[in-house]
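Residues per chain are reported as follows:
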Amino acid sequence: MADTTGTSGTGTPTTSDSHPRKSSWKYIGPGIVVAATGVGAGDLVATLVAGSNFGYTLLWAAVIGCVVKISLAEAAGRWHLATGRTLFDGWASLGRWTTYFFVVYVVIWGFVYGAAAMSSSALPLQALFPDVFPADWSIKPWAIICGLVGMAFVWFNRYDVFEKVMTVLVGVMFAVTVYLAIRVTPNLGDAFAGLLPVLPDEKDSVLNTLGLIGGVGGTITLAAYGYWVNAKGWTNTSWMKVMRLDNRVAYITTGVFVVAMLFVGAELLHASHTSIASGDKGLLDLTKILEAEYGTVTAKLFLVGFFATSFTSLIGVWHGVSLMFADFVERYRSARVTGEEVARGDREKGWPFRAYLLWLTFPPIVLLFQGQPFRLVILYGVLGAAFMPFLALTLIWLLNSSRTPVSWRNGWLSNGMLAIAGLLFVALCVKQIWDVPWSDFF
């Protein structure tokens, strides 16, 4: 076969041949991006609270959660490489209903998520630099700055620079969380016992466990993984082994974050019967506890890690979901979008990509000043809960059909893991919808 190797817009070699690439650590990149984007401040709080409430009992659930996400991300990446088509192109082939769901989801989800991501990134900056802005301004100036800086960074840089910055921030996250886990001196005997699948003897323990399994490690960013794989320059099956190594690294990294924060919750909070606030502000409560126990330096380091965790989620969504939105627009302008087109970097400079960047940044600033409208927040929660079962079940459909070459269709293990993921997320979605105060909505 003739050598047709070229260069993508990211500077990464691309090829149309099918000669398998040797799996190598030097290629790792999209996995780091998806790990950094998928683990936000809210995920760390959820794991911290699990450790606070149940000690090490649910460690096994956190590990299973990472395994489930490995199967989902691998399936998304395999679709892109095996077919040469993007995930949205695959969804569109299943019927118009997928397009309607995606459009409503990215519009409402992006509007509310933009405000949440900016606020989350602003909290540690306000704590680190409390005298920069007047106290009565709250976190709004920092939130706006984070949104604008994130937008400018993604607007003016292509994937290769984006990946390098994300890798540096992941290094900061990794160092801080591991340092904290070591600093609290975990009880390794209890931790190993926590790998046994045992449910806490508490009310709603099953739902809490399912929430921990399903809640850590990304939602729509799992779907964006295939786009980052293509943006890296991986566009065909010769990169399959590399992608699978990259994906495992992503969720091993995620597992380290999750386990480290569960250790902190188990040792620092559970043992002392200390509670923290829910949501991102719980991390500020933890900062005060760390300062009292271990001093100002440890508390400041944690705030730096808190910022790295929040800001990687912000710029990751700004880049990855904008790529997906650009794919949606281009799919209806020029029919099918290929992985090669994503690899060239054209999408990152096009108006659909930048239009969604603006949507993630400027309309949410209004929410920072007016508060989040009740009905919009309810729809955001329901759509968010529905996306993961949508992803899992459509991947099963796509990867067992004639749309995928026979040699790359799902085997029994992949089908089993995706089915488990789909059922898990359906249960969580039903619970989310059930808990909505619909009588107040209308």
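Residue numbers here run from 1 along each chain, matching the order of that chain's written sequence. With the structure being a predicted model, the display of local features is reserved for residues of pLDDT at least 70 and the display and counting of side-chain atom pairs for 80 or more, all residues being used for whole-chain, interface and lining totals. Only hydrogens and water are removed before side-chain values are computed, so all heavy atoms of the structure are retained for them.

Notes on the nonpolar core
For step 1, the next point in the chain: Residues grouped as a nonpolar core are buried Ala, Val, Leu, Ile, Met, Phe, Trp, Tyr and Cys residues, joined through side-chain atoms within 4.5 Å. Between buried and exposed lies partly exposed: a residue is buried under 20% and exposed over 50% of the maximum accessible area for its type, with that area taken using a 1.4 Å probe on protein chains only. Core analysis: the biggest nonpolar cluster contains 135 residues, and L72, L87, W91, I315, W318, F387 and L391 have the highest contact counts within it.
For step 2, the next point in the chain: Every residue pair with non-hydrogen atoms within 4.5 Å of one another is taken to be in contact. Discounting chain neighbours no more than four positions away, the residues touching L391 are L87, W91, T219, L222 and A223.

With respect to the side chain of T221
For step 1, the next point in the chain: For the purposes of this entry, the term helix denotes a DSSP run of H or I that reaches at least four residues, the term strand denotes a run of E that reaches at least two, and both are numbered from the N terminus. With respect to the element layout, T221 can be found in helix 10 (residues 220–231).
For step 2, the next point in the chain: Assessed through its relative accessible area of 4%, T221 is described here as buried.

Here's the deal with the confidence of the model for the protein
For step 1, the next point in the chain: pLDDT gives the predictor's per-residue confidence on a scale running from 0 to 100. Of the residues in the protein, 89% have a pLDDT of 70 or more, and the chain-wide mean is 86.
For step 2, the next point in the chain: Of all secondary-structure elements in the protein, the lowest mean pLDDT belongs to strand 1 (residues 6–7), at 39, while helix 6 (residues 140–156) reaches the highest, 96.
For step 3, the next point in the chain: Under a pLDDT of 50 for its full length, residues 1–16 has, in the predicted model, 41 contacts with residues more than four places off or in other chains.

With respect to the side chain of T98
For step 1, the next point in the chain: Looking at where T98 falls in the secondary structure, it is placed in helix 5 (residues 96–128).
For step 2, the next point in the chain: A residue is classified by how much of its surface remains accessible, and T98, at 0% relative accessible area, is buried.
For step 3, the next point in the chain: The contact partners of T98, leaving out residues within four places of it in the chain, are W91, A92 and F390.

Re the packing of helix 10 against helix 13 (residues 296–331)
For step 1, the next point in the chain: Axis separation between helix 10 and helix 13 bottoms out at 9 Å; the angle between their running directions is 70°. Our classification of the angle between helix 10 and helix 13 gives roughly perpendicular. Side by side, helix 10 and helix 13 meet where I220, T221, A223, A224, Y227 and W228 of the first sit next to G316, V317, H319, G320, V321, L323, M324 and D327 of the second.
For step 2, the next point in the chain: Polar here means any residue outside two lists: the nonpolar Ala, Val, Leu, Ile, Met, Phe, Trp, Tyr, Cys and Pro, and the charged Asp, Glu, Lys and Arg; Gly therefore counts as polar. Its residues placed into classes, the contact of helix 10 with helix 13 shows nine nonpolar, four polar and one charged. Note on method: axes are straight lines fitted to C-alpha atoms, helices fitted across the in-contact stretch only, with angles between N-to-C directions ranging 0 to 180 degrees. Roughly parallel here means an angle under 35 degrees, roughly antiparallel means over 145, roughly perpendicular means 65 to 115, and every remaining angle is called oblique.

Structural notes on the pattern of salt bridges
For step 1, the next point in the chain: When a carboxyl oxygen of Asp or Glu lies within 4 Å of a side-chain nitrogen of Lys or Arg, that pair is called a salt bridge. Under the criterion given, the structure shown has seven salt bridges.
For step 2, the next point in the chain: Between E74 and R244 there is a salt bridge whose closest N-O contact spans 3.0 Å. You can see E74 sitting in helix 3 (residues 59–83) and its partner R244 sitting in helix 11 (residues 240–270), a full 170 residues away along the chain.
For step 3, the next point in the chain: Judged by its relative accessible area of 12%, E74 falls in the buried class.
For step 4, the next point in the chain: On the accessibility criterion, R244 (27% relative accessible area) is partly exposed.
For step 5, the next point in the chain: Between E341 and R347 there is a salt bridge, with the nearest N and O atoms lying 3.5 Å from each other. Comparing E341 with R347 shows no difference in burial state: the two are buried.
For step 6, the next point in the chain: Shared partners join several salt bridges into a network, and the residues in it are E74, R78 and R244.

Structural notes on unusual backbone geometry
For step 1, the next point in the chain: Unusually for a residue other than glycine, S138 sits at a positive phi of about 60°.
For step 2, the next point in the chain: As for its placement among the helices and strands, S138 is situated in the loop between helix 5 and helix 6.
For step 3, the next point in the chain: By relative accessible area, S138 is classed as partly exposed at 32%.

Observations concerning the environment of T309
For step 1, the next point in the chain: Here T309 shows up in helix 13.
For step 2, the next point in the chain: T309 gets classed as buried once you look at its relative accessible area, which sits at 1%.
For step 3, the next point in the chain: As a C-alpha pair, T309 and D43 span 266 residues in sequence and 9.8 Å in three-dimensional space.
For step 4, the next point in the chain: Ignoring sequence-local partners within four residues, the contact set of T309 consists of A36, V39, G40, A41, L44 and M173.
For step 5, the next point in the chain: Polar contacts, as used here, are pairs of N or O atoms within 3.5 Å; protein pairs need one atom able to donate a hydrogen and one able to accept it. Residues neighboring in sequence count only if both atoms are side-chain atoms. Side-chain polar atoms of T309 contact the backbone oxygen of G305, separated by 2.8 Å.

Let's talk about the packing of helix 5 against helix 13
For step 1, the next point in the chain: It is at 9 Å that the axes of helix 5 and helix 13 come closest, and there the two elements cross at 160°. Of the possible angle classes, the one that applies to helix 5 and helix 13 is roughly antiparallel. The handedness of the crossing between helix 5 and helix 13 comes out as left-handed. Handedness of a crossing follows from how the near helix is turned relative to the far one, being left-handed for an anticlockwise turn of less than a right angle and right-handed for a clockwise one.

Description of a nonpolar patch on the surface
For step 1, the next point in the chain: For patch building, the residue pool is restricted to those with more than 30% relative accessible area and no salt bridge; the joining distance is 9 Å between like charges and 5 Å between nonpolar side chains (Val, Leu, Ile, Met, Phe, Trp, Tyr). Areas reported here follow the Shrake-Rupley algorithm with a probe of radius 1.4 Å; residue values treat only the protein chains shown as occluding. A grouping of V63, V67, L188, F192 and L195 is seen on the molecular surface, where their side chains present a nonpolar patch of about 460 Å² in accessible area.
For step 2, the next point in the chain: Every element with two or more residues in the nonpolar patch is listed here: helix 3 and helix 8 (188–193).
For step 3, the next point in the chain: Along the polypeptide, V67 turns up in helix 3.
For step 4, the next point in the chain: For V67, a relative accessible area of 41% puts it in the partly exposed group.

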